[in-house]
Amino acid sequence: MAISRVLSVNRGEIAARVVHAAQALGIEAVQAVSVADRDSMAARDADRTVVLGPAQSRLSYLDPKLLVHTALATGCDALHPGYGFLSERAALAELCAEHGITFIGPRAETIAALGDKLEAKAIARAAGVPLVPGTDRINDVAMAQAAAEELGYPVLIKASAGGGGRGMFIARSPEDIAAGFDKASNEAREAFGDDTMYMETYVENARHVEVQVFGDGKGHVVHFGERDCSIQRRYQKVFEESPCAAMPDALRSQLHTAATALVASLNYQNAGTVEFLYDVDRQAIYFIEVNARIQVEHPVSEQVTGFDLVQLQFRIAGGEPLLLTQAQIPVRGHAIECRLNAEDPYHDFRPSPGRITHWGPPRGAGVRLDSHCYDGYLVPPFYDSMIGKLIITAATREACVERLAEALDRCEIGGLTTNLPLLRYIARHPDFMHNHLNTRWLEKTGLPAFGAHQE
Amino acid sequence: MAISRVLSVNRGEIAARVVHAAQALGIEAVQAVSVADRDSMAARDADRTVVLGPAQSRLSYLDPKLLVHTALATGCDALHPGYGFLSERAALAELCAEHGITFIGPRAETIAALGDKLEAKAIARAAGVPLVPGTDRINDVAMAQAAAEELGYPVLIKASAGGGGRGMFIARSPEDIAAGFDKASNEAREAFGDDTMYMETYVENARHVEVQVFGDGKGHVVHFGERDCSIQRRYQKVFEESPCAAMPDALRSQLHTAATALVASLNYQNAGTVEFLYDVDRQAIYFIEVNARIQVEHPVSEQVTGFDLVQLQFRIAGGEPLLLTQAQIPVRGHAIECRLNAEDPYHDFRPSPGRITHWGPPRGAGVRLDSHCYDGYLVPPFYDSMIGKLIITAATREACVERLAEALDRCEIGGLTTNLPLLRYIARHPDFMHNHLNTRWLEKTGLPAFGAHQE
Amino acid sequence: MSTGKQTPVKAGDIESLIEIFKQSDWDEMHVQVGDFELFLSNDPQATGPARASAAAPAALAPAAAPAAATPAAAKPAAAAPTGEAPVPDGMLVIRAPNLGTFYRAPKPGAPAYVEVGQVIEPDTEVCLIEVMKLFAPVRAGIAGTVREIRARDGQMVEFDQVLIIVEPAD
Amino acid sequence: MSTGKQTPVKAGDIESLIEIFKQSDWDEMHVQVGDFELFLSNDPQATGPARASAAAPAALAPAAAPAAATPAAAKPAAAAPTGEAPVPDGMLVIRAPNLGTFYRAPKPGAPAYVEVGQVIEPDTEVCLIEVMKLFAPVRAGIAGTVREIRARDGQMVEFDQVLIIVEPAD
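A quick note: this is a predicted structure, and the numbers were derived from the prediction, not measured. (Residues numbered from 1 in each chain as written. Chains lettered and ligands numbered in written order. Predicted model: local features only at pLDDT ≥ 70, side-chain atom pairs only at ≥ 80, totals over all residues. Heavy atoms only, no water.)

## What to know about the overall build of chain A
Counting secondary structure elements, chain A contains 15 helices and 22 strands. Computed over its C-alpha atoms, the radius of gyration of chain A comes to 23 Å, within 12% of the 23 Å expected for a compact globule of 455 residues. Here the C-alpha coordinates of chain A stretch approximately 70 × 55 × 45 Å along the principal axes. Classification of the 455 residues of chain A by burial places 61% in the buried group. Within chain A, contacts between residues separated by at least 24 positions form 67% of all contacts whose residues are at least 6 apart in sequence. Accessible area of chain A: about 16,400 Å², with a carbon and sulfur share of 50%. (Helix = DSSP H or I, 4+ residues; strand = E, 2+ residues; numbered from the N terminus. Rg over C-alpha atoms; globule rule 2.2 N^0.38 Å. Buried < 20%, exposed > 50% of the residue type's maximum accessible area, 1.4 Å probe, protein only. Contact = heavy atoms within 4.5 Å. Areas by Shrake-Rupley, 256 points an atom, 1.4 Å probe, with all protein chains shown as cover.)

This is the structure we're talking about:
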């Protein structure tokens, strides 16, 4: 059952990470690349590299049949999908299973179930995991006010048939409902021909928190603590940390229980992440979704628990029992990751591919860099712009933020425009230092301030 | 209690390993070097490097006061001694304790007790660990024959006052005893003025096996499997592997129990190795000694268990509880380490220091290299000749040996004479491939054959 | 597929193109040289130009498929394309449009599409490339005489690997 | 201790010496240039030549020791010796014989061993270097006039670090 040769079908830093993790376990790594990635680190370090097709992803990394054909033709008994690309495409997991290739991830049916938003919510509900509270049909102002009293203000009142913000409003008091309800329901009738309204808790001050889980496929599940990924731009995470220092321990323990209960109910296999909205004002958590793969930000969980999660993926997929109990996964210290991107933060984040003429990342205590780049590497223009992840570890969040700011100062990358100026700015922003953040902070406060700052 | 800054006081690959392990845990690493090691990898990668003194070890790495002074003067709260040099000098551990520096290793009194051969044997005996069986005073041939009958042939008959082989002989039968006893006892009287004789089991066919242990200082002890280090030249290990594939499981389990019982009886703290002679003909094990430090060959145990033992040293020394139970440390696959030395195997292993003009170690699945060398590194002539350790991992010993031979073929080191030709020869020797080895194999069979082979 | 006649696009060229784009005010740049296609955009949401269907026609498999295409698990070795034998001067090549299994004949036992010495036209089908039982015929794209068949029947070929060497018709 | 007058031994020299040794039939080679000492041997058991007691005299501590020598835990910074300020032309230097704490005076409150402007002889004691309460006086080794005291009282100095700059007597 143990894996002897794996096909790595992703690119960039995760491909290098997968190749190195496999090799550390004595597993041969074959790297599948597009022609643009022939000189990548994963290609250089793999035991064998094969060229799938041209640079375009859909003719290389996004073709499930081509990947499984390659795995079979190179004698691989396993396939690691990385993140992004086809990592959460049930069809790839299915195709692997059909051809006797171990897919390093959850079972195809798990991926399919969790990929369907409604089904994922039904699974969460059945496992007793809290969702954003809401109501069924609301008929009139009085009923709305009664419901809002129960949910607690602010609430969001929406048209069932709605979309694009029409027939929708936020109410912070009974007066707001009285003033807005009829207008919204009229708007809904006009726009959609249906004035059915309902109500949800409105989360004004939200953090994105998520729990790293691992399952053995037979119901035994453990977690590796939570991550706080509240600093986002266009739903792209920029900084991620573990633990979520802003969360009280009692709520943290609810969070962990909710996450493990959910995946245990699926007999979840391999690595996954359960994402939640953390409503800071109400001190409540609401399920968002499950990501059925290893994530970009997994290193912060590795740093605070001491486990190599990609190696653990290989071990579990290779049939090793999951011998760990939760008590053996203590969370220690604090870790923050930030994403280094080849993009111009002064010009609307436009991508800036090209050749790296000087690659001088920082080194030192608690400084880890996960990257596929090196002196002279050409960042191709065909794919996403991430060139590395800087992961900082220290005993406390405070020390970690200080170390992060210093490490970013020492980071030298020549030949490309990168988002380093923004990362440095955020690392020294008082809101970041004092952990006064939420999911809207970067777009509402951080970026505008950064723009002002540069003048 | 957690360590925040450590002084690394060793050199070569273990210094680099210690610096990197500390940094991975967020611990700042200060590297203490002699002036000859200013450009070493550990010095380059450490958060800070300080020059202790000139190249001579006794004025730098071997001066306990200088090391502790340096730890205090650089604000370190811990000191990692590596292996060799002062790593098992109780005085250094003591001096650290006196000055509030956490010594990353066992307590001073443990080091002192285990460093005394007689005391170590008394500790082993008290813990029920088997020693080489022997007798008290033997008076005459008849008594010797009776005792030998009980011990089983062959036996070694020795003068109590003996040394240098005088008054000593091996007997394989009662006739041998009858023929040799009086001659030996006369020889002893003439040489030492004392004809007291005694008898021990003679181990004709011995393997060196050792158990990697870890203790929390409070009696809880776990092991990380055993290593077979039978390929030795002048008591220097050349190849080390884990597990000892030649040992039956029942005996292996006795071995582990003996090792953990011994160190548990000492409330052993941190990493250690319990060494045994494995008598292959009698299928028995006999205690040799305990090495109260991390060893050169620790990586093979890391490879088959998946734990980072140097990081574990830091965690335990920093006061973390040892949460592992033995069931959580399964041994999986096989690993072999061989030591790359800058020495000339064709000319009596004379050291060959100098500048490395090409550093081209092998890469690939199951290939790990622990080394402080790089392109352009000058191997100084002042210290030992080890330039790296090649550690190979595979699912089985057979696959591991094949992978080792291939990796050695791909290893390119320019500018120096190395022992690579010998390592390659051994890796493909039928006795090595079929694991027909004992502690005399290299000197009696391997080296002579290698000499013949090169003509 | 690309042929030996086309100017190969080098990494240095890509760099120059990126540089030109950076210096410009353009929002998008799309360069196509034979098989080579470069799409640059300042819009991170851009998904690239519509796919030109210039590569191998995606014909369906013939009724009777060649024998199972999975080679035995061979020991990994260096990838072929980078280490492949040089193409003789003046010759053109037909390259693999993607990774897949190379077949010389439409089905087992049938005559090969082409033999050495045979004259071919751009439209001539010269081999099949199979990916998971999907068999795509490869057309020559060039005219001339087949001088060498480099790829071996039933073996995996990688993208851009030289399959067939052709002496140009002149 | 080494002084500015001595020819510094460079890594290249060590290499050349190793090379000479390799080419030879010698069993051992021992080179000493001032403070620099190289011992090469074909015998792995060799322990090196007997220690020459040429370095700083191992004098015992004076009765009254200077105040506690442990600097506060400072943030690690780049090691001093490699980045130190250049020595002015024509000047000699007195360097640290080992890592330790530098003291200008034999005990707290006592006058400094030397001051800027003072004329010194090779035997003049110029400072103390302390390691774990063992105070070793450092002698000048050279004659001249003290022009600068580079090391700061009570601070850690590393091996070979410049302590005092001396203008040679001529």
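Let's pick the thread back up.
## Notes on the overall build of chain C
The helix and strand inventory of chain C stands at two helices and ten strands. Residues counted as buried form 39% of the 170 residues belonging to chain C. Partitioning the contacts of chain C with sequence separation of at least 6, the portion at a separation of at least 24 is 61%. A total of about 8,900 Å² of accessible surface is found on chain C, and carbon and sulfur atoms cover 54% of it.

## Observations regarding the pairing of strand β8 (residues 197–201) of chain A
Residues and elements named next belong to chain A. The two faces of β8 differ: M197, M199 and T201 on one face are buried, but Y198 and E200 on the other face are not. With five bridges connecting them, strand β6 (residues 155–159) and β8 associate as antiparallel partners. Its bridge partner being in β8, I157 is matched across the sheet by M199. (Pairing = 2+ DSSP bridges.)

## What about the pattern of salt bridges?
Across all of its chains, the model carries 65 salt bridges over all chains by this definition. As a salt-bridge pair, A:D195 and A:R189 come within 2.9 Å of each other at their nearest N and O atoms. Assessed through its relative accessible area of 27%, A:D195 is described here as partly exposed. When the shortest N-O distance is used, the salt bridge between C:E115 and C:R104 registers 2.9 Å. Taken as a pair, C:E115 in the loop between β4 (100–103) and β5 (119–120) and C:R104 in the loop between β4 and β5 lie far apart in primary sequence, eleven residues in all. Judged by its relative accessible area of 22%, C:R104 falls in the partly exposed class. One salt-bridge network, held together by shared partners, links A:E210, A:R227, A:K237, A:E240, A:E275, A:E297 and A:R339. (Salt bridge = Lys/Arg side-chain N within 4 Å of Asp/Glu carboxyl O.)

## What about the sheet that holds strand β8 (residues 197–201) of chain B?
All names here are of chain B. In space, the three strands of this open sheet follow the order β7-β6-β8, with antiparallel pairing throughout. With one partner strand each, in any of the chains shown, β7 (169–171) and β8 form the two edges of the open sheet. Pairs of neighbouring strands in the sheet enclose a mean axial angle of 30°, with direction left out of account. The sheet strands contacting helix α7 (residues 141–151) are β6 (155–159) and β8, and the helix crosses β8 at an angle near 20°. (Axes fitted to C-alpha atoms, helices over the stretch in contact; angles between N-to-C directions.)

## Overview of the pairing of strand β11 (residues 236–242) of chain B
All names here are of chain B. In terms of residue burial, β11 counts as a mostly covered element, since six of its seven residues are buried. Pairing between strand β10 (residues 221–233) and β11: four bridges, direction antiparallel. Note that in β11 the partner of R233 across the bridge is Q236. Here β10 folds back onto β11, and the loop between the two strands holds two residues, one of which, R234, carries a positive phi near 50°. Taken together, the four bridges between β11 and strand β14 (residues 334–341) define a ladder with antiparallel strand orientation. Looking at the pairing, E241 lines up with I336 of β14.

## Brief notes about the packing of helix α12 (residues 397–410) of chain A against helix α13 (residues 420–427) of chain A
Helix-helix packing: each pair is described by the crossing angle between the helix axes and the interaxial distance. All names here are of chain A. α13 packs onto α12 with a crossing angle of 155° between their chain directions and a minimal axis gap of 9 Å. Here α13 runs roughly antiparallel to α12, going by the angle between their axes. Of the two elements, α12 crosses α13, and the hand of that crossing is left-handed. From α12, V401, L404, A405, L408 and D409 reach across to α13, where they touch L420, L423, R424 and A427. (Parallel < 35°, antiparallel > 145°, perpendicular 65-115°, else oblique. Left-handed = near helix turned anticlockwise from the far one by under 90°.)

## Brief notes about the packing of aromatic side chains
In the structure shown here, the tally under the stated rule is 22 aromatic pairs over all chains. Aromatic pair A:F382 and A:Y383: ring centres 5.9 Å apart, planes at 65°, arrangement edge-to-face. Seen in terms of ring centroids, B:F276 and B:F287 are 6.3 Å apart; in terms of plane orientation they differ by 80°. Their pairing is edge-to-face. One end of the pair, B:F276, is in strand β12 (residues 269–279); the other, B:F287, is in strand β13 (residues 284–291), with eleven residues separating them in the sequence. Considered together, B:F276 and B:F287 belong to a single accessibility category, that of buried residues. Aromatic ring contacts, followed pair by pair, group A:Y61, A:F85, A:F382 and A:Y383 into a single cluster. (Phe/Tyr/Trp six-rings, centres within 6.5 Å; stacked < 30°, edge-to-face > 60°.)

## As for helix α6 (residues 117–126) of chain A
Residues lying three or four places apart along an α-helix face the same way, a consequence of the helix completing one turn every 3.6 residues. All names here are of chain A. Along α6, the residues classified as buried are A120, I123 and A124. In a view along the axis of α6, the buried residues occupy a sector of 100°, so they form one face of it. In α6, those exposed residues whose orientation departs by more than 90 degrees from the buried face are L118, R125 and A126. Check the buried side of α6 and you find it contacts α5 (108–115), α9 (249–264) and β13 (284–291). (Arc of directions from axis to C-beta.)

## Details of the side chain of B:T70
Position of B:T70 among the secondary structure elements: in helix α3 (residues 64–73). According to the relative accessible area criterion, B:T70 is buried, its value standing at 0%. Among all residues touching B:T70, those that are not within four sequence positions of it are B:L7, B:V50, B:L52 and D:L99.

## Some thoughts on the environment of A:R397
Residues and elements named next belong to chain A. Following the sequence through the fold, R397 ends up in helix α12. Classification of R397 by relative accessible area gives buried; the value is 10%. Residues in contact with R397, not counting those within four places in the same chain, are E241, A245, H334, F432, M433, N435 and L437.

## Thoughts on the sheet that holds β5(C)
For sheets, the rule is that strands pair by backbone hydrogen bonds, running either parallel or antiparallel. All names here are of chain C. Within the open sheet, the four strands sit side by side as β3-β10-β8-β5. Their pairing is antiparallel. The open sheet has two free edges, formed respectively by β3 (92–95) and β5, since each of these has just one partner strand. Bridge count between β3 and strand β10 (residues 162–168): four bridges; the pairing is antiparallel. Residue pairing in the sheet places L92 in a bridge with V166 of β10.

## Observations regarding the domain arrangement of chain A
Residues and elements named next belong to chain A. Taken domain by domain, chain A consists of domain 1 (5–104), domain 2 (133–201) and domain 3 (206–454). Using only C-alpha atoms to locate each centre, domain 1 and domain 3 end up separated by 24 Å. Taken together, the contact between domain 1 and domain 3 spans 31 residues of the former and 30 residues of the latter. Of the roughly 2,400 Å² buried at the junction of domain 1 and domain 3 (both faces included), carbon and sulfur atoms supply 63%. (Domains from an automatic or database assignment. Buried area = accessible area lost by both parts, 1.4 Å probe.)

## Things to note about the environment of A:G451
Residue and element names in this part refer to chain A. Among the secondary structure elements, G451 is positioned in helix α15 (residues 441–453). Note on G451: relative accessible area 25%, which makes it partly exposed. A sequence separation of 105 residues divides G451 from Y346, and the C-alpha atoms of the two residues are 7.4 Å apart.

## Regarding unusual backbone geometry
Following A:Y153, the chain continues to A:P154 via a peptide bond in cis, the omega torsion being -5°. Checked against the element boundaries, A:P154 lands in the loop between α7 (141–151) and β6.

## Brief notes about helix α9 (residues 249–265) of chain B
Residues and elements named next belong to chain B. Helix length check: α9, at 17 residues, gives a terminal C-alpha distance of 24 Å against a target of 24 Å (1.5 Å per residue), a fit within 8%. Burial in α9 covers these residues: L251, R252, L255, H256, A258, A259, T260, L262 and V263. Where α9 is buried, its residues contact α6 (117–126), β9 (206–216), β10, β12 and β13. Two residues or fewer after α9 comes N267, characterised by a positive phi angle close to 50°. (Expected span 1.5 Å × (residues − 1).)

## Some details on the environment of D:T124
Residues and elements named next belong to chain D. Within the secondary structure, T124 sits in the loop between β5 (119–120) and β6 (125–131). Put simply, T124 and I164 are 40 residues apart on the chain and 13 Å apart in space, counted from C-alpha to C-alpha. Apart from residues no more than four positions distant in its own chain, T124 is found in contact with V114, V138, R139 and A140. At 2.8 Å, the side chain of T124 and the backbone nitrogen of E121 are in polar contact. (Polar contact = N/O pair within 3.5 Å; in protein donor to acceptor, adjacent residues only side chain to side chain.)

## A short note on the side chain of B:E302
Structurally, B:E302 can be placed in helix α10 (residues 298–305). The residues touching B:E302, leaving out its near neighbours within four places in the chain, are B:R17, B:F307, B:D308, B:L309, B:V310 and B:R368.

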